[in-house]
Number of protein chains: 2
Amino acid sequence: MMGLMMDRPLLTTDILKHAVRNYAHVPIVTRTVEGATHRYTIADAGKRIAQLANALKKAGVKRGDRIGVIGWNTYRQFEMYYAVGGLGAVLHTVNPRLGPENATFVINHAEDAYLFYDTTFAPLVGAMRPHLKTVKDFVVLADEAGAGEAAKGAKLYEDFIAGEAETIDWPEFDENTAVTMCYTSGTTGDPKGVVYSHRALVLQAFASGLPSALGLTEGDVFLPVVPMFHVNAWNTPYTCLLTGVTQIFPGPRLDGEGLYELFESEKVTYSAGVPTVWLGLLQYLEKTGKKLTTLKAGLCGGSALPESLIRGFEKYGVMLVQGWGMTEMAPVGTVGKLSPQLEKLPLDDRIQYQLLAGRPIPYVDMRIVGEDGAELPHDGESDGNLQVRGPSIVKEYYKATEPTLTEDGWFDTGDVAIIHPNGFLQITDRSKDVIKTGGEWVSSIDIENAAMLHPGVAQAGVIGVHHPRWQERPLLIVVKKEGADPSAQEIIEFVKPKLDKIAWPDAVEFVEAIPLGATGKVLKTELRKMFKDYELAS
Amino acid sequence: MMGLMMDRPLLTTDILKHAVRNYAHVPIVTRTVEGATHRYTIADAGKRIAQLANALKKAGVKRGDRIGVIGWNTYRQFEMYYAVGGLGAVLHTVNPRLGPENATFVINHAEDAYLFYDTTFAPLVGAMRPHLKTVKDFVVLADEAGAGEAAKGAKLYEDFIAGEAETIDWPEFDENTAVTMCYTSGTTGDPKGVVYSHRALVLQAFASGLPSALGLTEGDVFLPVVPMFHVNAWNTPYTCLLTGVTQIFPGPRLDGEGLYELFESEKVTYSAGVPTVWLGLLQYLEKTGKKLTTLKAGLCGGSALPESLIRGFEKYGVMLVQGWGMTEMAPVGTVGKLSPQLEKLPLDDRIQYQLLAGRPIPYVDMRIVGEDGAELPHDGESDGNLQVRGPSIVKEYYKATEPTLTEDGWFDTGDVAIIHPNGFLQITDRSKDVIKTGGEWVSSIDIENAAMLHPGVAQAGVIGVHHPRWQERPLLIVVKKEGADPSAQEIIEFVKPKLDKIAWPDAVEFVEAIPLGATGKVLKTELRKMFKDYELAS
């Protein structure tokens, strides 16, 4: 027997309409690429989104067309999210950190009909342009004054939308229609495309808007450092409109000082970013002795949150929690928001929860399976391959030639994890990125986190290197903090009490910089190349 | 172009699974029908829900079968919500206040295969039993000791589930499958059935779980006074599991004293009920001088929230806000949760917002239309017929013979409303001619028809007038027949056997003439003006 409820689709347009009706006055603030501050309200945004949609229609954009964008977090890219998706076209957000070769690959693979970009990326676009096969037109996200040289051979965004009607009768269509797409930054092989549906992103916005996840509401001021050019800035452009939250878009200046100034001037209460970003902010605070006066909490994801960062921010009254997700998960899988009871615990107890990856948001189903494929208990001890299932998780990559899922329909995350009886997830390692020493697994993440607690360590990466006796042993690679000069032995002695003996690194190597991927993660593949022929003494 | 996300259905079972995994330890407490307190956790509930589902399967319950229940808010009815729906069968919650005739009608109309009931309702079930055409078996929501006399001719719930497995492999099916159904208490004619889908209730749980609506989280303690026997207790059995909120089920004792004791002993932080319930609690507080030490806020719906109630509870540190909805809306339409900025206003300013019906939750689309069908602006001035649209709103009544929606697919609520530019809804009148008393609908036409049967009555009109306890009660206005001189008491006694007790008019007033409209209908608007300041004794 079927229910007798209206057949109304879950479209992102309805999030916009909801916000315009209920949160018309809520501000959206951007520190623009040019440096000036741009302010408007959700009501204003609604009008310009309609203008952009009308302009796109006039330009011949049809349902299903892909529109590429390479941009910073600004109000203009925000407008593109709603306008392009609202028409039933697909916004393809391109990660500039992919580099010209991979960025060209993804734009050709997605067959983008238009390419919008911030002036910053004019050189990148210039390099790609001869190789782009499907792009009919280029649009710079600027007005004439802002565009400068970048305007050459491209339209200007402000000209493009100028004079268009500020209202539009949004079309309605199947909620499974694509709305945005994004390519994984890839570890091996070509980047793979993930195509998000309206349904998937609306459900993500609901789930991550709950008090158990972001839990933000009208009056909260959120600054997304996570980029809109990758995995939809963790879906926050949708979640924030659904819940009436003020958004502060930081544009390109994401260094500690740049963020600090904006956090203070705009009274930011909540932020989200990868550990590298939080680290930059912390170092700025420590260097300058400045305080954060409005920020209360932050979400850290993309890679494991080091204990030193949590403790560092506690001194500034900011509670960092972890999130975990993937491009393939639209992207939020877990959020480490603590219950009010856990929040009240003394730091040394509470931090045990903050060091975990959080609990799954609703409609993200998780299981861990052993090498034999059997499901393992959520007992806080067993660890296995983490697999996920849900309405906001990829079923197949764009133009996939081989199956994306397991035979029984789960997505294998490539992470190795423990699930605790209270639901908390603990990522112990990457399945393809673990150290096996004398038959035992060692978590490189644990060693990295331990090393990051040392006051002289700015960044740490651990890989397995060949060992004549143990096959593989951990090598700790360190970037020193500015002005600090710890010795290898000092760091090893420092981490020993924090680790099982089997995990004590055999050696420490110092480097100027650790290669990071497009999303800020330590690129283990690059580290391995750098230390390919490294030999430990027996 | 379609998205490439997994085709995973939105089933209520996944809310249960989510809660068992993440909120296993969260308590569910019931003051039972017998009076004792029953305590268990979400993990325990999960096991008993599986047992009930296994028992139902064994009893031959198939997908689509309707299972009737007449019960108080207790853990057993809560278990039925998830077990019956989880199997793909349909829980038909029967409102005992319908009275035997209408309750028999709805059970026969829904073709319930089983009827579960609390011992309280054994006399009602006994009266209906000879007339029930489809019920194969009866189950009392009790064990042997608790059932007593009510066990006659019925199974016992605890025997029914005893010995069944505590786990179950929940089936998966289309998210548009029916999960619960509920009949409107009716205005004119027979009650109408509304059939909720899994999708509709999951979306309601998400939307009403947001910080902008209920906004409750783990650690909050919620006591639903709103009954599970009508409109799914405002969907809270789903919303609370989605967000890990502790539930306190009050059983049958809903008077001021009974609620006060439970609020205090269980440290309730939030509650929801109709104005009559809140009034009973307030009167108890005022009479006894007792204080509420844990309750912070409450949701009031079902009919307009009087200013006196808001101000009354302010003295006890409790902020009441309004909700508005309908059986046909699954049922939440708006929630008056104030933003942190509005919450900070002085009471005299803040109360202006609390007196409004709140703002729509996401995916409840609203419009107001004039008599000519044209849409009116949301300007805080224009009032018109309030029409709604969304994925959790009825598209047609069960076995409907005529269209339920407008030609362009909206549901006309029967309310007349203003919508303010900030999104707040203000209900100004009802276009349908009904009286809402203590949260229940009474048809004025039924009373008029009964009165017109009296030989001394020439004409009769009924309107709702203010009542200190029930907000509104029926006043019967009569034009005597020439030469006849019936007394008020005589007419009241005359109509009583023809009406449900709830519809007995509180008073009769005699007039020379009743204003009639062009088509001969009593002009209620004029009658309301004539008796604008009429006051009933309490």
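Note: the structure precedes this text.
Residues numbered from 1 in each chain as written. Chains lettered and ligands numbered in written order. Predicted model: local features only at pLDDT ≥ 70, side-chain atom pairs only at ≥ 80, totals over all residues. Heavy atoms only, no water.

Draft legend 1. Just the overall build of chain A, in detail. Summing up its helical and strand segments, chain A has 17 helices and 25 strands in all. A globule of 538 residues ought to have a C-alpha radius of gyration of about 24 Å, and chain A, at 23 Å, matches this closely. By residue count, 63% of the 538 residues in chain A fall in the buried class. Long-range pairs, those at least 24 residues apart, make up 67% of the contacts in chain A with a sequence separation of at least 6. In the structure as shown, chain A presents an accessible area of about 19800 Å², 50% of it carried by carbon and sulfur atoms. (Helix = DSSP H or I, 4+ residues; strand = E, 2+ residues; numbered from the N terminus. Rg over C-alpha atoms; globule rule 2.2 N^0.38 Å. Buried < 20%, exposed > 50% of the residue type's maximum accessible area, 1.4 Å probe, protein only. Contact = heavy atoms within 4.5 Å. Areas by Shrake-Rupley, 256 points an atom, 1.4 Å probe, with all protein chains shown as cover.)

Draft legend 2. Summary view of a negative patch on the surface. There is a patch of like negative charges on the surface, built from E34, D143, E144 and D159 of chain A. Checked against the element boundaries, D159 of chain A lands in helix α7 (residues 157-161). (Patch = residues over 30% accessible without salt bridge, like charges linked within 9 Å, V, L, I, M, F, W, Y side chains within 5 Å. Salt bridge = Lys/Arg side-chain N within 4 Å of Asp/Glu carboxyl O. Lys, Arg positive; Asp, Glu negative; His and termini not counted. Charge placed at Lys NZ, Arg CZ, Asp CG, Glu CD.)

Draft legend 3. Geometry of the interface of chain A and chain B. In this assembly, 77 residues from chain A lie in contact with 77 residues from chain B. Each partner contributes to the roughly 6100 Å² buried at the junction of chain A and chain B, and carbon and sulfur atoms together form 61% of this total. Looking at the side of chain A facing chain B, the largest losses of area belong to M1, M6 and Y363 of chain A, adding up to 16% of the total buried there. For D7 of chain A, the salt bridge goes to K395 of chain B, with nearest N and O atoms at 3.3 Å. Where chain A touches chain B, the interface holds 25 residue pairs in polar contact (both at pLDDT 80 or more). Top contributing element to the side of chain A that touches chain B by residue count: helix α8 (residues 198-209) of chain A, with seven residues. (Buried area = accessible area lost by both parts, 1.4 Å probe. Polar contact = N/O pair within 3.5 Å; in protein donor to acceptor, adjacent residues only side chain to side chain.)

Draft legend 4. Up close: helix α14 (residues 347-354) of chain A. Residue and element names in this part refer to chain A. Residues of α14 that are buried: R350, I351 and Q354. The arc enclosing the buried residues of α14, seen along the axis, measures out at 105 degrees, which places them on a common side. Where the residues of α14 are buried, they touch α12 (307-314), β14 (319-325) and α13 (340-343). (Arc of directions from axis to C-beta.)

Draft legend 5. Layout of the sheet that holds strand β7 (residues 155-156) of chain A. All names here are of chain A. Strand order in the open sheet formed by seven strands is β7-β6-β5-β3-β4-β8-β9, with mixed pairing between adjacent strands. The sheet is open, and its two borders are formed by β7 and β9 (193-197), each paired with just one other strand. For strand β4 (residues 90-93) and strand β8 (residues 178-183), the ladder comprises three bridges, and the chain directions are parallel. Counterpart to H92 in the pairing with β8 is M181. (Pairing = 2+ DSSP bridges.)

Draft legend 6. Summary view of the sheet that holds strand β14 (residues 319-325) of chain B. On the basis of which strands lie adjacent, the open sheet formed by nine strands has the order β2-β1-β11-β10-β12-β13-β14-β15-β16 (chain B) and mixed pairing. A single partner strand is all that each edge strand has here, and the edge strands are β2 (37-41) and β16 (359-360) of chain B.

Draft legend 7. Inspection of unusual backbone geometry at higher detail. Residues and elements named next belong to chain A. A cis amide bond, omega -15 degrees, links A330 with the succeeding residue P331. Within the fold, P331 resides in the loop between β14 and β15 (332-335). At V231, a residue that is not glycine, the phi angle is positive and equals roughly 40 degrees. Structurally, V231 is set in the loop between β10 (221-224) and α9 (236-243).

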